[in-house]
Amino acid sequence: MAPSAAFATIAAPPALDELCINTLRFLAVDMVQKANSGHPGLPMGSAAMAYALWDRSLKYNPRDPHWPDRDRFILSAGHGCALLYALLHVTGFDLPLEELKLFRQWGSRTPGHPEYGKTPGVEATTGPLGQGLANGVGMAIAEVALGARFNRPGHQIVDHFTYVLVSDGDLEEGISSEAGSIAGHQHLGKLIVLYADNHITIEGSTELTFTEDRMARFAAFGWHVQRVEQSNDVETVALALENARKETDRPSLIAVRTHIGFGSPHKQDTAAAHGEPLGVEEVRLTKEAMNWPVSPAFHIPAEALEHLRRAVDRGGAAQVEWESRFKAFAQEYPALATEFQRVIDRDLPKGWDTDLPAFTPADGPMATRVASGKVIEILGSRLPEMMGGSADLAPSTHTNIDGVGNFEPEDWAGRNMHFGIRENAMGAILNGMALHSGLIPYGGTFLVFCDYMRPPMRLAAMNALPVIYIFTHDSIGMGEDGPTHQPVEQLIGLRSIPGMVVLRPADANETVAAWRVAIGRKQGPVALVLTRQSLPVLDLNLYPAIPTGVLLGGYILADSPTSGRPDIVLIATGSEVPLALEGRERLAAGGVHARVVSMPSTNLFAAQSDDYRARILPTDVPILVIEAGSPVGWQSFVGPRIPVIGIDTFGSSAPGPVVMEHYGFTAENVCRQAHRVLDRKKEKAPCALESPQTMEGSF
Ligand SMILES: Cc1ncc(C[n+]2csc(CCOP(=O)(O)OP(=O)(O)O)c2C)c(N)n1
């Protein structure tokens, strides 16, 4: 599809092109040299192709970096960010030259790798190689999904391209195959990837490690592939981009034979140009060789700036043109236009969470994954922006929404996504969808496999992206599949990601409340950690605190029978809450008054006032924690000497209840350990009629 008329550009004469490209090159060189840190090589080699894109076809408005129908540009090779900052400055984004001079310095808007939210025009935080490419796939998915939902005959209000610039490292990372395969399968024709094919990585030539035919590989994924041999030939790159845009049925890869450190007499085409400043002398020699003034640094020729800054008028006109089209759309489809604005702003419709189900014990024991599936059904029907799926585990993770169809090339309006067994790409695609805006993305797998998507989860948290993860089979209680599938250290791993909210609900009703948190959180990811095994439904008549308590992260589920101070507080999460309740009964029979605190989210609880936390966990009352996961982390959270019934080894293959019992997750052991906490000298505690058979857990 060709760019809209309002976006047609007039090519500069070749000499002016070269001046503009060298402006970008030397701004990057000077930034890295001044910071004495950074990566000059990729910017020097890729400046021409980036210029060809930004000057000839990229649809963006430097004065409004958030305009919904702009083209997206992601620098997946984030280490080359000096190039991106140079582009943003010269084209007129709010990034003054002063900021370029503060590259990589404390408090600047030009950090060492692009950070979403810090620099206007940066569409994604990049640096961990491969992630940006998969983010681009997510953005391209968001574009077609929103187009399918909102576009009407004669009204193409969602109609933009997603461009990604990748390096060898991006394509070496496995995620590029995961994401490339999905993009090809989905026929994402408006995804265009420029590949800086410079044959160099940090350790030397790509001949060392990377010798497959990359073009054939992407062609096999179903991509349209092109090669450009002369990276500095702006017209050829522009033509390849034009061809790529015309190819609407397949994503495009354009491999451009670039030269790392282009122009540097001693460092071009060597790994030395990759990750360190050229050096004062080499900068001088490079500038002389390319007929560029050696000083002052950060030189921007007036003609180049004048030409590049035309982006402001051009982008402004493109936006105005879109806005007038949107107005016409709004006149014909007012409700749809209001809805479009709502989802782009990630506002929730009124009443989205009214009358969510209240489960009763009469519903029978229910796994929290099953309860979650029921909530997804309801929320999915109320929130058409909910879109997601699973990494080939939907029947287990209960992530599908009935009746909304599959997202597939024949039906981009479908909302059930099949990511295939590609967790890393799934996470990064969800990030891309969230970065695009207009959708509430979610993805599911077994909790143990969240390790496969840790890199994108970390980025989601860093970027405060509203992505929802549904992790089922949440403990050794999942049973027969054994230690490879039984998560132990994953819970603390997730909780330790700054900005990630983890919720491990104790029953179906806590699951409803957990979903309320997840959908209501507009900034930052939420991980829902759910059981495979059935759990009793907690009676809301007996435990009325559940719906509001979950929102606070931890709350008193059942207090000591006397209104006074409890003898002990039992903190439990998820499937261990029923054990704590039963343990409390047994303790009561022995005259010990226990309070049960359900703590579905340590993250949310930690965010409450000191006052609230002290009310729930009085500082002078002993505590026992019960959680079928690694005990690491609890002590720093509740106190250094607090005992935990947890697991400090891997699980075992056997039916879930057997495994749980062997690792000490029984009401009897809860009772016994509570007695030990209260009176370590006591030999026998009145917790069971027979002598205990269980192991004690990592007490
Ligand atoms: C996941 C990940 N692993 C390792 C790195 C460290 N690293 C940064 S750039 C790079 C490779 C450089 O080669 P290439 O991608 O070809 O970039 P170029 O040399 O062209 O700048 C590596 C290993 C990283 N940023 N991300």
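Rules used in this analysis
Residues numbered from 1 in each chain as written. Predicted model: local features only at pLDDT ≥ 70, side-chain atom pairs only at ≥ 80, totals over all residues. Heavy atoms only, no water. Near = heavy atom within 4 Å. Polar contact = N/O pair within 3.5 Å; in protein donor to acceptor, adjacent residues only side chain to side chain. Areas by Shrake-Rupley, 256 points an atom, 1.4 Å probe, with all protein chains shown as cover. Helix = DSSP H or I, 4+ residues; strand = E, 2+ residues; numbered from the N terminus. Expected span 1.5 Å × (residues − 1). Buried < 20%, exposed > 50% of the residue type's maximum accessible area, 1.4 Å probe, protein only. Contact = heavy atoms within 4.5 Å. pLDDT = per-residue confidence, 0-100. Disulfide = S-S within 2.5 Å. Salt bridge = Lys/Arg side-chain N within 4 Å of Asp/Glu carboxyl O. Pairing = 2+ DSSP bridges. Axes fitted to C-alpha atoms, helices over the stretch in contact; angles between N-to-C directions. Core = buried A, V, L, I, M, F, W, Y, C linked by side-chain atoms within 4.5 Å.

So, the site of the ligand
Here is step 1: In the vicinity of the ligand, 15 residues are found, and the nearest of them are His79, Gly127, Ser167, Gly169 and Asn198.
Here is step 2: Contact distances for the ligand include 2.7 Å between an oxygen atom and a side-chain N or O atom of His79.
Here is step 3: Backbone polar atom of Gly127 to a nitrogen atom of the ligand: 2.9 Å apart, as the coordinates give it.
Here is step 4: If the ligand stood free it would expose 580 Å²; the protein chains cover 74% of that surface.
Here is step 5: Looking at the shell around the ligand, the elements that each hand over two or more residues are helix H6 (168–172) and strand E4 (200–201).

Some words on helix H21 (residues 577–589)
Here is step 1: Here H21 spans 19 Å end to end across 13 residues, near enough to the 18 Å set by a 1.5 Å rise per residue.
Here is step 2: Listing the buried residues of H21 in full gives Val577, Pro578, Leu579, Ala580, Leu581, Gly583, Arg584 and Leu587.
Here is step 3: In this fold, the buried residues of H21 make contact with strand E16 (555–558), strand E17 (568–572), strand E18 (594–598), strand E19 (623–626) and helix H26 (667–678).
Here is step 4: Positive backbone phi, approximately 85 degrees, marks Gly591, located one or two places after H21.

So, the confidence of the model for the protein chain
Here is step 1: Of the residues in the protein chain, 95% have a pLDDT of 70 or more, and the chain-wide mean is 94.
Here is step 2: Across residues 1–8 the pLDDT falls below 50, and counting only partners more than four positions away or on other chains, this stretch makes 19 contacts in the model.
Here is step 3: Under a pLDDT of 50 for its full length, residues 689–699 has, in the predicted model, 35 contacts with residues more than four places off or in other chains.

Considering the state of the cysteines
Here is step 1: Using the criterion set out here, one finds one disulfide in the structure.
Here is step 2: Sulfur-sulfur distance for the disulfide between Cys671 and Cys687 comes to 2.1 Å. On the S-S bond that ties Cys671 to Cys687, the torsion sits near -75 degrees, and the link is left-handed. Of this pair, Cys671 sits in helix H26 while Cys687 sits in the segment after H26, and the two are 16 residues apart along the sequence.

Focus on the side chain of Lys59
Here is step 1: With respect to the helices, strands and loops of the structure, Lys59 is situated in the loop between helix H2 (41–56) and strand E1 (72–75).
Here is step 2: When its relative accessible area of 11% is taken as the criterion, Lys59 is described as buried.

A short note on the pattern of salt bridges
Here is step 1: A complete count under the given rule lists 37 salt bridges for this structure.
Here is step 2: Residue Arg70 pairs with Glu123 through a salt bridge whose shortest N-O separation is 2.7 Å. With a gap of 53 residues between them, Arg70 in the loop between H2 and E1 and Glu123 in the loop between helix H4 (97–101) and helix H5 (131–150) connect regions that are remote in the sequence. As far as the burial class goes, Arg70 and Glu123 line up, both buried.
Here is step 3: We note a salt bridge from Asp474 to Arg504, for which the minimum N-O separation is 2.9 Å.

Details of the side chain of Thr125
Here is step 1: On the secondary structure map, Thr125 appears in the loop between H4 and H5.
Here is step 2: Here Thr125 falls in the buried class, since its relative accessible area comes to 6%.
Here is step 3: Side-chain polar atoms of Thr125 contact the backbone nitrogen of Tyr116, separated by 2.7 Å.
Here is step 4: The residues touching Thr125, leaving out its near neighbours within four places in the chain, are Pro114, Glu115, Tyr116, Asn135, Leu459, Met462 and Asn463.

With respect to the sheet that holds strand E14 (residues 526–529)
Here is step 1: Taken together, the six strands give an open sheet; going across it, the order is E10-E9-E11-E12-E14-E13, and neighbouring strands pair in parallel fashion. Each edge of the open sheet is held by one strand with a lone partner, namely strand E10 (416–418) and strand E13 (501–503). Neighbour-to-neighbour, the strand axes of this sheet turn through a mean angle of 20 degrees, independent of strand direction.
Here is step 2: The sheet strands contacting helix H14 (residues 368–382) are strand E9 (386–390), strand E11 (440–446) and strand E12 (468–472), and the helix crosses E12 at an angle near 150 degrees.

Notes on the pairing of strand E2 (residues 162–166)
Here is step 1: A large share of E2 lies buried, amounting to five of its five residues.
Here is step 2: Burial of E2 is two-sided: the residues Thr162, Val164 and Val166 facing one way and the residues Tyr163 and Leu165 facing the other way are all buried.
Here is step 3: As defined by bridge partners, E2 adjoins strand E3 (residues 191–196) across five bridges and the pair is classed as parallel. Residue pairing for E3: Val164 is matched across the bridge by Val193.

Description of the nonpolar core
Nonpolar side chains in soluble globular proteins tend to be buried together.
Here is step 1: Ranked by internal contacts, the top residues of the largest apolar core, which has 81 residues, are Trp515, Leu570, Ile571, Leu617 and Phe665.
Here is step 2: Per element, the largest residue contribution to this core is eight residues, and it comes from helix H19 (residues 508–520).
Here is step 3: Sequence-distant contacts of Leu570, defined by excluding residues within four places in its chain, comprise Ala580, Arg584, Leu587, Ala594, Arg595, Val596, Val597, Leu624, Ile626, Val670 and Ala674.

Here we look at H19
Here is step 1: The terminal C-alpha atoms of H19, which comprises 13 residues, lie 18 Å apart, in line with the 18 Å expected from a rise of 1.5 Å per residue.
Here is step 2: Among the residues of H19, those classed as buried are Ala508, Asn509, Glu510, Thr511, Val512, Ala513, Ala514, Trp515, Val517, Ala518 and Ile519.
Here is step 3: Backbone nitrogen of Asn509 and a side-chain oxygen of the N-cap are separated by 3.0 Å at the start of H19; the cap is Asp507.

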